[in-house]
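A closer look at the structure
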Protein chains: 2
Amino acid sequence: METQNRHNLPEIIAILTRTPSALDALLRGLPDIWVCRNEGEGTWSAFDIVGHLAFAERTDWMPRVRMTLESSEARSFEPFDRFAQLKASQDRSFEQLLDDFAHLRKENLAALDALNLQPEDLARKGRHPAFGSVTLSELLSTWAVHDLTHLHQLSRVMAHQYRDTVGPWSAYLGVLQCHGHSS
Amino acid sequence: METQNRHNLPEIIAILTRTPSALDALLRGLPDIWVCRNEGEGTWSAFDIVGHLAFAERTDWMPRVRMTLESSEARSFEPFDRFAQLKASQDRSFEQLLDDFAHLRKENLAALDALNLQPEDLARKGRHPAFGSVTLSELLSTWAVHDLTHLHQLSRVMAHQYRDTVGPWSAYLGVLQCHGHSS
């Protein structure tokens, strides 16, 4: 398939490099209404989202990259615990989570760079616990789009806090028509 | 109404202050795939979105704030041309648009600060061309949520470029289930 062999690593790294500083610029020092509130029971706040991103850096992306390169499809990736950050973040401040995310991402990008991936490596395959065979290209692309999906969620969670405050303009503000799409 | 008299200006200014640097950190220097591509005919790229934000700073928000304070509901706001930036941006580079937005936003926040708004001012009313009476509180809140709605759109437009590249992970990435909500 075209996407498996396209050498799009610089595009992916361009996103991965920028997300921590973008979130820092957007979020550090914000009033609690924007950081601590969610969209209702069982949903995530900005605090939870940044905790999730930091947790994924620690446990998910690079271990999966390494498994793809080392053992191919012999063993499935560890399932990704999408709620683990709720426990892992409980003793951290929001500013510490932003620092954690930036620090872990920087380390991971250095480790990725050290792998010196070649175009042919991007077609290497791993095994996802839910949907089976996946390529390294798909994994790395997902890492970048995962950043974007949480930026999308974050803007929606923040806007939700002003759903009533904007009055009749709510009809014109697309983010207020978004009701979440994550599975 | 509660929201009209709540003195939430610091919350609003906290968002408005951060958006330009967040977009700069996210977007400056990105490869063209993330900056120039849209979601199909008649839709916006990151370039168009930043142009729109800059154009709105120039023509929309502060003139409307001043009308609310000066003439109350005697005269409707000028309708907001949501496509004007497509012409206004055509001779600017993406980096210039990011600079324009940051510069104009900074000027507008200084002008807003100089108005020294008091809680009672937030209940002052203006007339929107489409939905009539609105308060200054609603207008200022909308300014902040308008930033968030375009951050939401931006993350979706960027993710769209990798819709196929992520392979089966597309099912797990909420941003790829979002099909736009702007009227």
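Residues numbered from 1 in each chain as written. Chains lettered and ligands numbered in written order. Predicted model: local features only at pLDDT ≥ 70, side-chain atom pairs only at ≥ 80, totals over all residues. Heavy atoms only, no water.

An unreviewed UniProt entry annotates chain A as DinB-like domain-containing protein of Edaphobacter dinghuensis.

1. So, the pairing of strand β1 (residues 125–128) of chain A
Residue and element names in this part refer to chain A. Burial along β1 is one-sided: the residues G126 and H128 are buried and none of K125 and R127 is. As paired strands, β1 and strand β2 (residues 132–135) are joined by 4 bridges and run antiparallel to one another. The partner of H128 across the bridge, within β2, is G132. Linkage of β1 to β2, two consecutive antiparallel strands, is achieved through a turn of 3 residues. (Buried < 20%, exposed > 50% of the residue type's maximum accessible area, 1.4 Å probe, protein only. Helix = DSSP H or I, 4+ residues; strand = E, 2+ residues; numbered from the N terminus. Pairing = 2+ DSSP bridges.)

2. Points about the nonpolar core
Side chains that are nonpolar tend, in soluble globular proteins, to be buried together. Core analysis: the biggest nonpolar cluster contains 112 residues, and L27, L140 and L154 of chain A together with L27, L140 and L154 of chain B have the highest contact counts within it. For L27 of chain B, the residues in contact, after removing those within four places along its chain, are R18 of chain A together with V35, V50, F94, L98, L154 and M158 of chain B. (Core = buried A, V, L, I, M, F, W, Y, C linked by side-chain atoms within 4.5 Å. Contact = heavy atoms within 4.5 Å.)

3. Some points on helix α2 (residues 9–27) of chain B
Residues and elements named next belong to chain B. Between its terminal C-alpha atoms α2 stretches 28 Å, which fits the 27 Å expected from 19 residues at 1.5 Å a residue. Largest kink in α2: about 35 degrees, centred on T19, with the proline P20 one to four residues after it. For α2, the tally of buried residues reaches 14 of 19 residues, placing the bulk of the element in the interior. (Expected span 1.5 Å × (residues − 1). Bend = angle between axes of the 7 residues up to and from the residue.)

4. Brief notes about the relation of the copies chain B and chain A
In screw terms, the move from chain B to chain A is a rotation of 180 degrees and a rise of 0.0 Å along the axis, fitting with an RMSD of 0.0 Å. Taken together, the turn and the small shift mark the pair as related by a two-fold rotation axis. Looking at the interface residues of chain B, 98% of them are also at the interface in chain A, so both copies use one shared face. (Least-squares fit on C-alpha atoms with pLDDT ≥ 70 in both.)

5. Side note on the packing of aromatic side chains
One pass over the full model with this rule turns up 10 aromatic pairs over all chains. By the ring-pair criterion, three or more aromatic residues cluster together here, those being F131 of chain A together with W169 and Y172 of chain B. (Phe/Tyr/Trp six-rings, centres within 6.5 Å; stacked < 30°, edge-to-face > 60°.)

6. Things to note about unusual backbone geometry
All names here are of chain A. Positive phi outside glycine occurs at N116, with the angle close to 50 degrees. For N116, the location among the structural elements is in the loop between α7 (94–114) and β1. For N116, a relative accessible area of 52% puts it in the exposed group.

7. Re helix α8 (residues 136–160) of chain B
Compared with an ideal rise of 1.5 Å per residue, which puts 25 residues at 36 Å, α8 of chain B spans 36 Å between its outermost C-alpha atoms and is within 8% of the ideal. Most of α8 of chain B is tucked away: 24 of the 25 residues are buried.

8. A short note on the interface of chain B and chain A
With 57 residues of chain B at the interface, the matching set in chain A holds 56 residues. Buried area between chain B and chain A, both sides added, is near 5,200 Å², and the carbon and sulfur share of it is 71%. The largest share of the area that chain B buries against chain A comes from R18, W169 and Y172 of chain B, three residues that together contribute 14% of it. At the junction of chain B and chain A, the tally comes to 15 residue pairs in polar contact (both at pLDDT 80 or more). Elements with a contribution of two residues or more to the side of chain B that touches chain A: α2, α3 (32–35) and α8 of chain B. Element by element, the count of residues in the side of chain B that touches chain A is highest for α8 of chain B, at 15 residues. A per-class count over the side of chain B that touches chain A returns 31 nonpolar, 19 polar and 7 charged. (Buried area = accessible area lost by both parts, 1.4 Å probe. Polar contact = N/O pair within 3.5 Å; in protein donor to acceptor, adjacent residues only side chain to side chain. Nonpolar A, V, L, I, M, F, W, Y, C, P; charged D, E, K, R; others polar.)

9. Structural notes on the environment of S133 of chain B
You can see S133 of chain B is positioned in strand β2 (residues 132–135). Non-local contacts of S133 of chain B, meaning those with residues more than four positions away in its chain, are made with E73, K125, G126 and R127 of chain B.

10. Side note on the packing of helix α5 (residues 61–70) of chain A against helix α8 (residues 136–160) of chain A
Residue and element names in this part refer to chain A. Put simply, α5 and α8 touch, their axes get as near as 10 Å, and they point 170 degrees apart. The pairing of α5 with α8 is recorded here as roughly antiparallel in orientation. Taken together, the residues of α8 that come into contact with α5 (itself represented by W61, M62, R64, V65, T68 and L69) are L136, L139, L140, T142, W143 and H146. Each residue belonging to the contact of α5 with α8 can be placed in one class, and the counts come to 8 nonpolar, 3 polar and 1 charged. (Axes fitted to C-alpha atoms, helices over the stretch in contact; angles between N-to-C directions. Parallel < 35°, antiparallel > 145°, perpendicular 65-115°, else oblique.)

11. Some points on the side chain of H150 of chain A
Residues and elements named next belong to chain A. Secondary-structure assignment places H150 in helix α8. In terms of polar contacts, H150 uses its side chain to reach the side chain of Q153, at 2.7 Å. In contact with H150, other than residues within four places in its own chain, are W44, I49, H52 and L53.

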